[in-house]
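Report on the structure
Each chain, written out:
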Amino acid sequence: MNGNFPSTYASPAPTQYRMTLTAGTHSARHIRRIARRFLTDWGLEPLTDTVELAVTELIANVVRHVPDHRCTLLLLRQPTGVRVEVTDAYGQLLPTPAELQPESESGRGLFLLDTMVDKWGVSPAPGGGKTVWFECEKVTADSAGGSQRKCPLAR
């Protein structure tokens, strides 16, 4: 008997994805594709635009500010949404500009991140370095019967 029978013992979709890389100019494009695939597998498609934009900013910061451009990306499914972490060995925490100048060409990324995601932060990483992370929650029903969008780009 030859046939394809789906296994009833197949493991569920993984709840996390970890990748260590040396970030370059095209890394964000590939990471967005990976994030999109996992968000789809996890049933979190409405968060795709927000997660893609936010992870692009974190990877761009690695390219701009981390001397060796090495980092580890973690996508983590959570009961309420997704958490994304980017860890590097560069111990300097990212500065937050006190005041942005209208003609400045940089320095807006973390402010943008703050407006897009539900939570974010920077933590010292074990063994040195730092982890910049963010969380996006899926759409929830509010008490009035409507829907409440946590991440503003979520569909």
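For the structure itself, look to the data block above.
Reading guide: rules and limits
- The numbers attached to residues start from 1 for each chain and follow its sequence in the written order.
- Since the coordinates come from a predicted model, pLDDT governs what is reported: local features require at least 70, and pairs of side-chain atoms require 80 or more to be given and counted, while whole-chain, interface and lining totals use all residues.
- Side-chain calculation: all heavy atoms of the structure are included, whereas hydrogens and water are not.
- Secondary structure is summarised from DSSP: a helix means a run of H or I of at least four residues, a strand means a run of E of at least two, and numbering begins at the N terminus for each.
- A 1.4 Å probe rolled over the protein chains alone gives each residue an accessible area, and that area as a share of the maximum for its type sets the label: buried under 20%, exposed over 50%, partly exposed in between.
- Contact criterion: two residues are considered in contact whenever any of their non-hydrogen atoms come within 4.5 Å of each other.
- Each accessible area value is a Shrake-Rupley result obtained with a 1.4 Å probe; residue values ignore everything except the protein chains displayed when judging cover.
- Expected span, for any helix, means 1.5 Å times one less than how many residues it has.
- Each direction from the helix axis to a C-beta atom contributes to the arc, which is the arc of those directions.

1. Some thoughts on the overall build of the chain
When helices and strands are tallied, the chain shows three helices and seven strands. In the chain, which comprises 155 residues, the share counted as buried stands at 35%. When contacts within the chain are restricted to residue pairs at least 6 apart in sequence, long-range pairs at least 24 apart make up 60% of them. On the chain, roughly 9,400 Å² of surface is accessible, and the fraction owed to carbon and sulfur atoms is 53%.

2. Considerations on helix α1 (residues 27–41)
Compared with an ideal rise of 1.5 Å per residue, which puts 15 residues at 21 Å, α1 spans 21 Å between its outermost C-alpha atoms and is within 8% of the ideal. Here α1 has its buried residues at Ser-27, Ala-28, Ile-31, Ala-35, Phe-38 and Leu-39. Down the axis, α1 shows its buried residues gathered within 100° of arc, on one side only. Residues of α1 that are buried sit in contact with β1 (16–22), α2 (48–65), β2 (70–78) and β3 (81–88). One or two positions beyond α1, positive phi appears at Gly-43, with a value near 75°.

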